[in-house]
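Structural overview for review
Spelled out, the chains give:
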Amino acid sequence: MQVDYSKHPEIPPGCQMNLNKVTGAYQVFREGRNRSPWCTKRRETIGRIDPSGKFTISRTFVLQQKLHSIEQAERQKSDKARTVAARIQDAVAQSCLDTRKEELTSIPLSALVLGSLMMALTGDSDCVSISDYISRNREFFCKHFPGCEFDSVSHDTVRRCLMMLDPEKFETFYQRMISPLIKQSVRQLCADGQAIRATGNTSSDKPEVHGASMIMNFYDATNRVTVAQKLIAEKTNEITVGPKVLEGFNLFGTVVTADAMSCQYNFVRTVVSKGGDYCISLKGNQETSWREVIYLFNSVDPSRLIRHESEWELDHGRIEKRTTEMLTGSLLSKEIWNKWYGLASGAIVRVRSEITKKSTGKTSVEDRYYITSLPALAAVPEQVAQIIRSHWSIENKLHWTLDNLFRQDRMQADCPSYIENRSALNKLALALLEHYRFYLWDHGEPNKKLSLHLLQERCRDPQVAIECIGRALGWLH
């Protein structure tokens, strides 16, 4: 007998019912297939309709549905983990990271890499934390990485791997991982160096930190991901490292920004030759150019200035207004604009900041100067003002975050490969967290103020860490 769904819409679809002549109640059931080979069909009881017409669902059916939901959720979790593990294995294999002898290894390098990345998502990328994490989740790695035959992983094993990995090959792996995160081709690339303080030395006669390792970072402020890094060797500096890193980029549609340290002829020429534009701070290290730019702004007719004024802003206990003024670079002497490639068709920029401190009421005026290959047109000053402000994202969103949320300043090491590889691991984890946070916001995350620190705490759950990697990179749908 068919169920009258107009009277009982709460009954699952596809059900039938039989009358119990003794009690006058109807048994509601559904035909299904049995797993037994000698019985192809089975009857699944859904509930009963008593003589008064009230439907009561079967407790056994409810428990079966809950068990089915749990099994389905576990299968989905397992499928996600397998997907992410397989993608990591492919990236490691294509990057040729593993140079170990197979007979001397007990755990695949891909398992070590995934375990290190999952732990780095929590902000702890030191070797002890990674080894403890992999050992605690031994069952997970043995299940998803064939060939894992280990009881535990020592921190020395993790450290040796980070020391022995070729930084250039790890950079190849890093580029494969971040490629799905770069979604906007028109972007701003910020260049700056960062010191890792714990790698330096102190002494009684020099209490300040000296000799700390420096890393040159190139941060994509538009896509919120570090696209390149390079450890600065002892006998080099940002001046020589920057152009070498940029040689490997296609910069069409990209504006490269940098501080005064990178305001060098080779850096500027490399940016323009690779198809990009630059906006670089100009200070006293380029004294001739700096003095001439200051003279021009102070002596030119004000009507020739192309200007943009920002609104008054209150932030960090101060009220600030910024005025961005531009002049065409062709007003400079031929010697100057010949030196700076692209400046003849570009512009010189002055940003005047009027700052009033709320605590004291004192007002100060500060001028900063820049050179850019962007033209001095009426619509450009507002764009340049935004570009100059966005350059600070490399300090606020990258360097500050790495030092405070990933404790990179506490990395005590002297091996260049270890320092470079672990720093890249932190940057990859940071990029994944940033993009996973945006994914959560786009998909109805109730906490609209979800911070990176809170997300790091969530990622201590391995399943959340897998979800973070897979969703950020678009591997899970």
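Note on numbering: residues in each chain are counted from 1, in written sequence order. pLDDT decides what is reported in this predicted model: residues at 70 or higher carry local features, side-chain atom pairs at 80 or more are listed and counted, and totals for whole chains, interfaces and linings draw on all residues regardless. With hydrogens and water set aside, each side-chain value is computed from the structure's full complement of heavy atoms.

**Points about the overall build of the protein**
To qualify as a helix, a DSSP run of H or I must reach at least 4 residues; to qualify as a strand, a run of E must reach at least 2; elements of each kind are numbered from the N terminus. For the protein, the helix and strand inventory stands at 15 helices and 14 strands. Just to be clear, the radius of gyration here is over C-alpha atoms, and the globule rule we use is 2.2 Å times residues to the power 0.38. Against the globule reference of 23 Å for 477 residues, the protein gives a C-alpha radius of gyration of 31 Å, more extended than a compact globule. For the C-alpha atoms alone, the extent of the protein along its principal axes is close to 110 × 60 × 45 Å. A buried classification covers 46% of the 477 residues belonging to the protein. When checking whether two residues touch, look at their non-hydrogen atoms; a contact exists if any pair is within 4.5 Å. The contacts of the protein with a sequence gap of at least 6 include a subset with a gap of at least 24, amounting to 58%. All accessibility values rest on the Shrake-Rupley procedure with a 1.4 Å probe; residue burial counts only the protein chains present in the view. When the accessible surface of the protein is summed, it comes to about 25200 Å², and 50% of that surface belongs to carbon and sulfur atoms. Under the convention used here, Asp and Glu are negative, Lys and Arg are positive, and both His and the chain ends fall outside the count. Note that the charge is assigned to NZ on lysines, CZ on arginines, CG on aspartates and CD on glutamates. Across the protein, the centroid of the 63 positively charged side chains sits 6 Å from that of the 56 negatively charged ones. Only protein chains enter the accessibility calculation, which uses a 1.4 Å probe. A residue is then buried if its area is under 20% of the maximum for its type, exposed if over 50%, and partly exposed in between.

**Let's talk about the packing of helix H2 (residues 109-120) against helix H15 (residues 462-473)**
Where H2 meets H15, the closest approach of the two axes is 10 Å, and the angle between their N-to-C directions is 100°. Comparing the axis directions of H2 and H15 gives the class roughly perpendicular. Facing H2, whose interface residues are Leu114, Leu117 and Met118, H15 presents Pro462, Ala465, Ile466 and Ile469. For this classification, the nonpolar set comprises Ala, Val, Leu, Ile, Met, Phe, Trp, Tyr, Cys and Pro, the charged set comprises Asp, Glu, Lys and Arg, and every other residue, Gly included, is treated as polar. When grouped by side-chain class, the residues that make up the contact of H2 with H15 number seven nonpolar, no polar and no charged. Working convention: axes come from line fits to C-alpha atoms, limited for helices to the stretch in contact. Angles between N-to-C directions cover 0 to 180 degrees. By the definition adopted for this analysis, an angle is roughly parallel if under 35 degrees, roughly antiparallel if over 145, roughly perpendicular if from 65 to 115, and oblique otherwise.

**With respect to the nonpolar core**
By nonpolar core we mean a set of buried residues, namely Ala, Val, Leu, Ile, Met, Phe, Trp, Tyr and Cys, connected to one another through side-chain atoms within 4.5 Å. Counting 110 residues, the largest nonpolar core has Leu114, Phe218, Leu432 and Ile469 as the members making the most contacts within it. The dominant element in this core, judged by the number of residues it contributes, is helix H13 (residues 416-442), at 12 residues. Residues contacting Phe218, with those up to four places away along its chain left out, are Leu189, Cys190, Ala191, Val225, Thr226, Val227, Ala228, Gly242, Val245, Leu246 and Phe267.

**Remarks on the pairing of strand S12 (residues 318-328)**
Two faces belong to every sheet, and in a regular strand the side chains alternate between them. Of all 11 residues in S12, eight are buried, a share of seventy percent or more. When strand S11 (residues 313-315) meets S12, the two strands line up antiparallel, connected through three bridges. Counted as the bridge partner of Glu313 is Glu320 from S12. Strands are labelled as partners when DSSP assigns at least two bridges between them. By the bridge criterion, 11 bridges tie S12 to strand S13 (residues 347-357) in an arrangement that is antiparallel. Along S13, the bridge assignment pairs Arg322 with Ser353.

**Some thoughts on the environment of Ser364**
Within the secondary structure layout, Ser364 lies in strand S14 (residues 363-372). Taking the C-alpha atoms as reference points, Ser364 and Asn447, separated by 83 residues in sequence, lie 39 Å from one another. Apart from the residues within four sequence positions on either side, Ser364 is in contact with Ser353, Glu354 and Ile355.

**Observations concerning the pattern of salt bridges**
In what follows, salt bridge is the name for a side-chain nitrogen of Lys or Arg lying within 4 Å of a carboxyl oxygen of Asp or Glu. The final tally for this structure, using the stated rule, is 21 salt bridges. Among the salt bridges present, the one from Asp79 reaches Arg82, with a minimum N-O distance of 2.4 Å. Placement of both Asp79 and Arg82 in helix H1 (residues 59-94) is noted, with a separation of three residues, approximately one turn of the helix. For Arg82, a relative accessible area of 41% translates into the label partly exposed. The salt bridge partner of Asp124 is Arg460, with a shortest N-O separation of 3.1 Å. A residue pair is termed long-range when its members are at least 10 positions apart, and Asp124 in the loop between H2 and helix H3 (127-136) and Arg460 in the loop between helix H14 (452-458) and H15 qualify at 336 residues. Relative accessible area serves as the criterion here: at 37%, Arg460 is assigned to the partly exposed category.

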